[in-house]
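Notes for the structure review
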Amino acid sequence: MGPTLRAARVLVLLAGFYLLGLVLLALLAAADWAAAVHTPGAFALKVFIVSAVLALPIVRGMFMLRTPPPEDVPGVRVDESREPRLWQTVRGVAQEVGTRAPDEILLTGDVNAAVSEDSRLLGLAGGTRRLRIGLPLMAGLSESGLRAVLAHEMGHYGNADTRLAAISERGRVHVLRTIAHFEERAGAKVAKERARQEKKAAAAVAKGRKAKEVDTTGTGVTYRAMARLYTAYGKFYLRATLSGSRRAEFAADVAAARIAGRDATSSALREIPVIDAAHDFYLNCYATLGVDAGLLPPPGEFLGGFRHLLAARHEELDALRGELPTEPVSPYDSHPPIAERVARIEALPDDGRASDPVRPSLSLLADADRSFTAVEETVLTPAALGLRRLDWPELVHAAMSVRTERSAQRFGALALGTAGGEDTSPRGTDGGGGTPGHGADARPDADAHADRTSRPEAEPEGDGAGAGTLGALLDAIDAGALWRIAERLPRSEEAAAAHGRAAREFARPQLRAGLSQLVSAEYLRQGRARWQLSWAESAALELPYGHVDELPAALEAAVADRPDTGPLRALLEPVAAPETSAPAQAPAPGPTA
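Owing to the predicted nature of the structure, the values given are computational and were not obtained by experimental measurement.

This brings us to the nonpolar core. By size, the foremost hydrophobic cluster in this structure holds 69 residues, and its most contacted members are Ile133 and Tyr282. At 11 residues, helix H8 (residues 262-287) tops the list of elements feeding residues into this core. Leu289, Ala408, Leu511 and Leu515 belong to the second largest nonpolar core, which has 39 residues in total.

Right, let's get into the packing of aromatic side chains. If you walk through the whole model with that rule in mind, you get 9 aromatic pairs. Look at tyrosine 282 and tyrosine 286: their rings are 6.3 Å apart centre to centre, the planes differ by 15°, and that puts the pair in the stacked class. With tyrosine 282 and tyrosine 286 both in helix H8 and 4 residues apart, this pair spans about one turn of that helix. Residue classification places tyrosine 286 among the buried positions, given a relative accessible area of 0%. By way of ring pairs, the aromatic residues Phe281, Tyr282, Tyr286, Phe306, Trp392 and Trp535 are connected into one cluster. Arginine 129 extends its terminal NZ or CZ atom over the ring of tyrosine 157, reaching a point 4.3 Å from the ring centre.

Once their charged atoms are close, side chains differing in charge can pair, the charge on each being opposite to the other. On inspection of all chains with the given rule, the structure shows 34 salt bridges. A salt bridge links aspartate 103 to arginine 100; the shortest N-O distance between them is 3.1 Å. The shortest N-O distance in the salt bridge between glutamate 505 and arginine 501 comes to 3.7 Å. In this pair, glutamate 505 and arginine 501 are both assigned in helix H20 (residues 500-526), 4 residues apart and thus about one turn of the helix distant. On the accessibility criterion, glutamate 505 (36% relative accessible area) is partly exposed. Among the ionic contacts, a cluster of salt bridges with common partners joins Arg501, Arg504, Glu505, Arg508 and Asp561.

A few words on the packing of helix H15 (residues 392-416) against H20. Two numbers describe how H15 lies on H20: the axes approach to 8 Å, and their chain directions differ by 130°. Judged by the inter-axis angle, H15 sits oblique to H20. Between H15 and H20 the crossing geometry is left-handed. Residues His397, Ser401, Thr404, Glu405, Ser407, Ala408, Phe411 and Gly412 of H15 pack against Gln510, Leu511, Gly514, Leu515, Gln517, Leu518, Ser520, Ala521, Leu524 and Arg525 of H20. Split by residue class, the contact of H15 with H20 holds 7 nonpolar, 9 polar and 2 charged.

Time to look at a nonpolar patch on the surface. Residues Leu19, Val23 and Leu27 make up a contiguous nonpolar surface patch of roughly 280 Å² in combined accessible area. Among the structural elements, valine 23 can be located in helix H1 (residues 3-38). Valine 23 gets classed as partly exposed once you look at its relative accessible area, which sits at 41%.

Okay, the sheet that holds strand S4 (residues 129-134) next. Read across the sheet, 4 strands follow the order S1-S2-S4-S3 without closing on themselves; strand pairing throughout is mixed. A single partner strand is all that each edge strand has here, and the edge strands are strand S1 (75-78) and strand S3 (113-117). With strand direction ignored, the average angle separating the axes of adjacent strands in the sheet is 25°. When S3 meets S4, the two strands line up antiparallel, connected through 5 bridges.

The subject of this paragraph is helix H7 (residues 221-260). Given a rise of 1.5 Å per residue, 40 residues ought to cover 58 Å, and the 56 Å separating the end C-alpha atoms of H7 matches this to within 8%. Immediately downstream of H7, the backbone of glycine 261 shows phi near 105°, a positive value.

Structurally, aspartate 118 can be placed in the loop between S3 and S4. Considering only alpha carbons, one finds aspartate 118 and arginine 130, 12 residues apart in sequence, at a separation of 8.5 Å. At 2.4 Å, the side chain of aspartate 118 and the side chain of arginine 130 are in polar contact.

The rules behind these values
Residues numbered from 1 in each chain as written. Predicted model: local features only at pLDDT ≥ 70, side-chain atom pairs only at ≥ 80, totals over all residues. Heavy atoms only, no water. Core = buried A, V, L, I, M, F, W, Y, C linked by side-chain atoms within 4.5 Å. Buried < 20%, exposed > 50% of the residue type's maximum accessible area, 1.4 Å probe, protein only. Helix = DSSP H or I, 4+ residues; strand = E, 2+ residues; numbered from the N terminus. Phe/Tyr/Trp six-rings, centres within 6.5 Å; stacked < 30°, edge-to-face > 60°. Lys NZ or Arg CZ within 6 Å of the ring centre and 35° of its normal. Salt bridge = Lys/Arg side-chain N within 4 Å of Asp/Glu carboxyl O. Axes fitted to C-alpha atoms, helices over the stretch in contact; angles between N-to-C directions. Parallel < 35°, antiparallel > 145°, perpendicular 65-115°, else oblique. Left-handed = near helix turned anticlockwise from the far one by under 90°. Contact = heavy atoms within 4.5 Å. Nonpolar A, V, L, I, M, F, W, Y, C, P; charged D, E, K, R; others polar. Patch = residues over 30% accessible without salt bridge, like charges linked within 9 Å, V, L, I, M, F, W, Y side chains within 5 Å. Areas by Shrake-Rupley, 256 points an atom, 1.4 Å probe, with all protein chains shown as cover. Pairing = 2+ DSSP bridges. Expected span 1.5 Å × (residues − 1). Polar contact = N/O pair within 3.5 Å; in protein donor to acceptor, adjacent residues only side chain to side chain.

Now the structure itself:
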């Protein structure tokens, strides 16, 4: 279907919205006429009022023609003088597609590339074209992969998808706005009726009578009925327009394969969900690791550090590339499933152009580090930009030390019965999840993390009470209170029902993990341990020499059936500095020094 026919279809669908409004207004007018002719004056007046109230949202939806402005995406606009190679590549791809190049290029902080156009006359006339390219996307794509993505986006321009999007968006806005008006009025009517009934019930109770139950079942039913009519049309409208959007994506993929090659296009489509998943993982487990402690990576590394993770975890990412995501198909999806798109591209005849993954697409930028820094300043909030910046090794150590201390304090307070905490499960020491910290399953948004504020210094909470907590806990264990402590810990139903040795076996892992948290915090407090950054696996707590082998046995002894805290106390005994009778002399100059 060509652009002209697609435009005609969208205009017909938009006209259907106005036709529905006119039909409903005509029915209301007919009801008014019937009431005026065939009913008493008082009843006719009520019909007139109801008709006017129902007609108002319809008229507002029909004649509020202004669509909301597009969402402002944070990013940095770059001109040709700043990024000549990028502009040259974009213009070259647009020329091969046979369409006008974008007027603006915006570098953003997300894993995405998109085009838009400020079209006029309901999209019938073109306008300013904008291309958005996410730096994290460029960090994960080769130059040939980026050319495929650019060809896909230029294909949207060539097929007039961006111009027709304005008409489709206008229809969606009108339908949703009208539904919202009816739902708002129905909600207001229900709230008013509820308040009236509650006031009446309160008066009845005050007089010693039984109050009636508040019931608003039939209130606002007329508004909701009108909303259902528009909802039904809205679903039809979305199905029709979004099916066209999915066909447009297939057409743009074909354009990309024609310009960049079949293999490069298929590779880029496979790569994008992998980059997206890796970027979410990076934001959660690296970039925002120190936010709770008031820390961020160095300038430019909040976004740019993603490159370190991609380089270190290439084997894991290679495994993901072979497994395309399985997505549930919905008639309201704007994009087809990625697996179907890849299958269609790979079914095309071999064009003899192999994908070239050697040169990274970031090489198209004049200064990638500067670009990451500039975009980061637009992505983060002013509060986040004011946080203290540390290099990655210092950041990981400081942030993980704070988390370890907090977790140890929560467990200690729970075990000794001195206080409670929201999170009572010990964690962090054993790594797990492949992250420097914890929470690998969460997928936070960068802006949400940037809005959070905390202390400017990465110091553990409290005043060193953790050492006293550990000592008190070890004393309690020596006094025979280990299993009474276990009863204070959260337990599953099966564990709570167990008795004797079975109960001890349920409690032992939790006791050992919590005690390990307290021990780790004590090592850190003494300055004898350090969290080590790793881009390829979990951050590891580096213990004093030999303690890695001795600590597990000491923890097992402390939570044994007959507890023995001696080995653990011996490990935690601070090492005294050697006494010297005279100050050490400075080494003589030379290679050794």
